[in-house]
Amino acid sequence: MPDASLDLLCLGEPLMELNQVRGAKHYLPGFGGDTSNCAVAAARQGARVGYVTAVGEDTFGNAFLGLWKTEGIDTSCVLRTPESHTGLYLVSHSEDGHEFSYFRSGSATSRLTPEDLPENRISATRILHTSGISQAISTSACDTVFHALELAQQQGVRISYDPNLRLKLWPLDRARAVIHEAMRQCSIALPGIEDAKLLTGLEQPKAIVDFYLNLGAEVVALTLGPEGVLVATPEQRQQIPGYQVESVDTTGAGDTFDGAFLAELASGCDPFAAARHANAAAALATTGYGAVVPMPTRSQVETFL
C-alpha cells in the first residue's frame, strides 16, 4: 500500500443527539452516530481521520461540519444533499438503563450509493472503519459498505468492523447474514459481547473470539462491559481489565473504545497495549452526558493512566 495520508477513514451515518439529563425531563443537544463518534474519538487521540458520509443541507448538517472541522477531521468526502435530512436520535434514561429513539428514515446517509464512494481516499488510508448500523439503514447503504470493503481489500487497506447490532433497524437473520459476510472481509473485528452472543449463538467469550478469528480477522477485540475487553490474535489472547470511574452516561463508550483502539493500532501499537489505552478512553467517556462531549483527549487518557 502506498504511504497513507490518513490513519483512519470512517464510513457511516452521523446522528444529531438529544440526550435526557438523568432525573430531569429536558434533553441536551449533542452529536452521535457510531462511526462519527469513532472518528472523533480517534482524532482526539491524535490520529489523522477522515469521514465518508452524507448530511442534509440543514442546521444539523451544518453543526456536524462544524464539529468535524473543530476536531480536525477531513470532510472532503462528506456529501451535502438538499433533498434529504440529517438523522436524529433521542436518549432517554431510566432505572433499566438508556433507551434510544431514532428519526432517521430517508436520511441523507441512507441514500448513499456505491458511486458516491471516494476511491482515492479509501486507497490512501491505513484503516477503513464501518459498522453494522452503516449497513442496516438502507439497502443502498448496505451495498455501499460492501463496495467500500471490496475497494479497501483491493488496495491492501486494513478493514475494521463493529457489528453494533440494532434490531430496530433489521431482523436478526438478515443482520447475521450481512454482518458475518462483512466480517469475513475485515482484519480488525470489534464486537460487543451482547451483540456477539445474538449474532453467533455462542455464550463464552473465548468461543466468540475463535468464531471471528475463524472468519478471517487478524485482531479481535471483544468488549465485555465493566469486565474490560478480550483481545485475541491467532497467536495469543489477553483479557484487559476495565477501569472504575464515576459513570453517569455510557452513550458512545463503545464508539470511544473503537476510535481510541484504532488510533493506537494505526500508530503501530500492539493490540494489547492499544486495548489498555482504549479501555481508559472509554471509561472516561462515561463520566459526562452525551456521546461526544466527554470523549477524552490523548493527554487526558495518559494522565488517567
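Structure shown above.
What you see is a predicted model, and the numbers here were worked out from it, not measured in a lab. (Residues numbered from 1 in each chain as written. Predicted model: local features only at pLDDT ≥ 70, side-chain atom pairs only at ≥ 80, totals over all residues. Heavy atoms only, no water.)

*Asks:* What is the right way to read helix α2 (residues 59–71) from this model?
*Replies:* In an α-helix, one turn spans 3.6 residues, which is why side chains three or four residues apart end up on the same side. Between its terminal C-alpha atoms α2 stretches 19 Å, which fits the 18 Å expected from 13 residues at 1.5 Å a residue. Inspection of α2 places G61, F64, L67, W68 and E71 among the buried residues, and these make up the whole buried set. Angular distribution of buried residues about the axis of α2 spans 120 degrees; they occupy a single face of the element. Facing away from the buried side of α2 by over 90 degrees, the exposed positions are T59, K69 and T70. One or two residues past the end of α2 sits G72, with phi positive at roughly 80 degrees. (Helix = DSSP H or I, 4+ residues; strand = E, 2+ residues; numbered from the N terminus. Expected span 1.5 Å × (residues − 1). Buried < 20%, exposed > 50% of the residue type's maximum accessible area, 1.4 Å probe, protein only. Arc of directions from axis to C-beta.)

*Asks:* What exactly am I supposed to notice about the sheet that holds strand β4 (residues 49–56) here?
*Replies:* The strands that make up a sheet pair up through hydrogen bonds in the backbone, lying either parallel or antiparallel. Read across the sheet, nine strands follow the order β5-β4-β1-β8-β9-β10-β11-β12-β13 without closing on themselves; strand pairing throughout is mixed. Only two strands of the sheet have a single neighbouring strand rather than two, namely β5 (78–81) and β13 (237–240). Here strand β8 (residues 125–131) pairs with strand β9 (residues 158–162) via five bridges, running parallel. Bridge pairing in β9 links S131 to D162. Contacting β10 (188–189), β11 (219–223), β12 (229–232) and β13, helix α8 (residues 205–215) runs over the sheet at an angle of about 145 degrees to β11. (Pairing = 2+ DSSP bridges. Contact = heavy atoms within 4.5 Å. Axes fitted to C-alpha atoms, helices over the stretch in contact; angles between N-to-C directions.)

*Asks:* Could you clarify how one ought to interpret the pairing of strand β6 (residues 87–94) in this entry?
*Replies:* Side-chain positions along a regular strand alternate between the two faces of the sheet. For β6, a buried count of six out of eight residues is recorded, marking the element as mostly surrounded by other parts of the structure. Of the strand pairs in this sheet, strand β2 (residues 15–20) and β6 are connected by five bridges, and their pairing is parallel. Looking across to β6, one finds that L15 is bridged to G87. In the sheet, β6 pairs with strand β7 (residues 97–103) via seven bridges, with the strands oriented antiparallel. Directly across from S94, in β7, lies its bridge partner G97.

*Asks:* For this particular structure, what's the right way to read the packing of helix α6 (residues 172–183) against helix α7 (residues 193–200)?
*Replies:* How two helices pack is summed up by the angle between their axes together with the distance between the axes. Interaxial distance between α6 and α7 falls to 9 Å at its minimum, and their mutual angle equals 100 degrees. Our classification of the angle between α6 and α7 gives roughly perpendicular. Of the residues in α7, those in contact with L172, A175, R176, I179 and H180 of α6 are L198, L199 and T200. By residue class, the composition of the contact of α6 with α7 is five nonpolar, two polar and one charged. (Parallel < 35°, antiparallel > 145°, perpendicular 65-115°, else oblique. Nonpolar A, V, L, I, M, F, W, Y, C, P; charged D, E, K, R; others polar.)

*Asks:* What exactly am I supposed to notice about unusual backbone geometry here?
*Replies:* Most peptide bonds take the trans configuration, and most residues that are not glycine carry a negative phi. Of note, the phi angle at N164 is positive, near 35 degrees, even though the residue is not glycine. With respect to the helices and strands, the residue N164 is situated in the loop between β9 and α6. For N164, a relative accessible area of 11% translates into the label buried.

*Asks:* Sorry if this is basic, but what is going on with the packing of aromatic side chains here?
*Replies:* Here a ring pair, both rings aromatic, is described through the centre-centre distance and the interplanar angle of the planes. One pass over the structure, following the stated rule, counts seven aromatic pairs. Ring geometry for Y89 and Y102: centres 5.9 Å apart, planes at 20 degrees, overall stacked. Separated by 13 residues along the polypeptide, Y89 in strand β6 and Y102 in strand β7 bring together distant segments of the chain. Given the relative accessible area of 4%, Y89 is considered buried. Note on Y243 and F304: the rings are 5.5 Å apart at their centroids and 75 degrees apart in plane angle, and the pair reads as edge-to-face. Here Y243, found in the loop between β13 and α9 (253–266), pairs with F304, found in helix α11 (residues 298–304); they are 61 residues apart in sequence, far enough to count as distant. On the basis of relative accessibility, which here comes to 30%, the residue Y243 falls in the partly exposed class. Pairwise contacts between aromatic rings join F31, Y51, F64 and W68 into one cluster. (Phe/Tyr/Trp six-rings, centres within 6.5 Å; stacked < 30°, edge-to-face > 60°.)

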